[in-house]
Amino acid sequence: MDQNSFMRHAIALAEQNVTESGGGPFGAVIVRDGRIIGEGTNQVTGSHDPTAHAEVVAIRAACRELGSFSLAGCEIYASCEPCPMCLSAIYWARLDHIYYGNSKTDAAAIGFDDDHIYREIPLPISERAIPTDRLLADEALAAFQAWESSDSKIEY
């Protein structure tokens, strides 16, 4: 399969998710060495999980397939430009390349507008829409100190 075929597969997953599952119009596939190793569709409403975007579902499936938390050497084909959460997940998974079909502007035109999140990210914590307060900072450091001194940690 070539790049267009992988993208067509992601788009087909998105369309199928709308017509057969009643889910959002998003699909994604993860490819390694010319082979799909994970795929996903938007499962937010059906699974009652706001993190179950197509890209995240595909990342989880690909990581299970490889038995690894790293998807270095892989690429993702998403039917739509990834939202801020999915983009972060893609970076954490260390994917090599992102291909997308619809833009975030296209998504906003049908009610999937992530612009408010993009605007929130660069704001100082004190200016964000969701109040955020730091608690028990000294106590929380204990977990970080345990990690730092652990001989069994797996860095990522």
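Caption draft 1: Fine view of the sheet that holds strand 3 (residues 74-80). On the basis of which strands lie adjacent, the open sheet formed by four strands has the order 2-1-3-4 and mixed pairing. Of all the strands in the sheet, the pair left with one neighbour each is strand 2 (35-41) and strand 4 (97-102). Pairwise comparison of adjacent strand axes, ignoring direction, gives a mean angle of 15° for this sheet. By the bridge criterion, five bridges tie strand 1 (residues 27-32) to strand 3 in an arrangement that is antiparallel. Its bridge partner being in strand 3, Ile30 is matched across the sheet by Ile76.

Caption draft 2: Region of interest: the pairing of strand 1. Counting buried residues in strand 1 gives five out of six residues, a clear majority hidden from the surface. Two strands pair when backbone bridges link them, and strand 1 and strand 2 are joined in this way by six bridges, in the antiparallel orientation. Each bridged residue has a counterpart across the sheet, and for Ile30 the counterpart in strand 2 is Gly38.

Caption draft 3: Highlighting the packing of helix 3 (residues 54-66) against helix 4 (residues 84-93). For the pair helix 3 and helix 4, interaxial distance at closest approach is 9 Å and the crossing angle is 20°. Judged by the angle between their axes, helix 3 and helix 4 are roughly parallel. Classified by chirality, the crossing of helix 4 by helix 3 is left-handed. Between helix 3, through Glu55, Val56 and Ile59, and helix 4, the contact on the second element is made entirely by Met85, Cys86, Ala89, Ile90 and Ala93. Within the contact of helix 3 with helix 4, the residues separate by chemical class into seven nonpolar, no polar and one charged.

Caption draft 4: Expanded view of the state of the cysteines. Tallying each qualifying case throughout the model produces zero disulfides. Cys63 carries a free sulfur, and the closest cysteine sulfur to it, the one in Cys74, is 8.3 Å from it. Here Cys83 is not disulfide-linked; the sulfur of Cys86 is the nearest cysteine sulfur, at 3.7 Å.

What counts and what doesn't
- Residues numbered from 1 in each chain as written.
- Predicted model: local features only at pLDDT ≥ 70, side-chain atom pairs only at ≥ 80, totals over all residues.
- Heavy atoms only, no water.
- Pairing = 2+ DSSP bridges.
- Helix = DSSP H or I, 4+ residues; strand = E, 2+ residues; numbered from the N terminus.
- Axes fitted to C-alpha atoms, helices over the stretch in contact; angles between N-to-C directions.
- Buried < 20%, exposed > 50% of the residue type's maximum accessible area, 1.4 Å probe, protein only.
- Parallel < 35°, antiparallel > 145°, perpendicular 65-115°, else oblique.
- Left-handed = near helix turned anticlockwise from the far one by under 90°.
- Contact = heavy atoms within 4.5 Å.
- Nonpolar A, V, L, I, M, F, W, Y, C, P; charged D, E, K, R; others polar.
- Disulfide = S-S within 2.5 Å.

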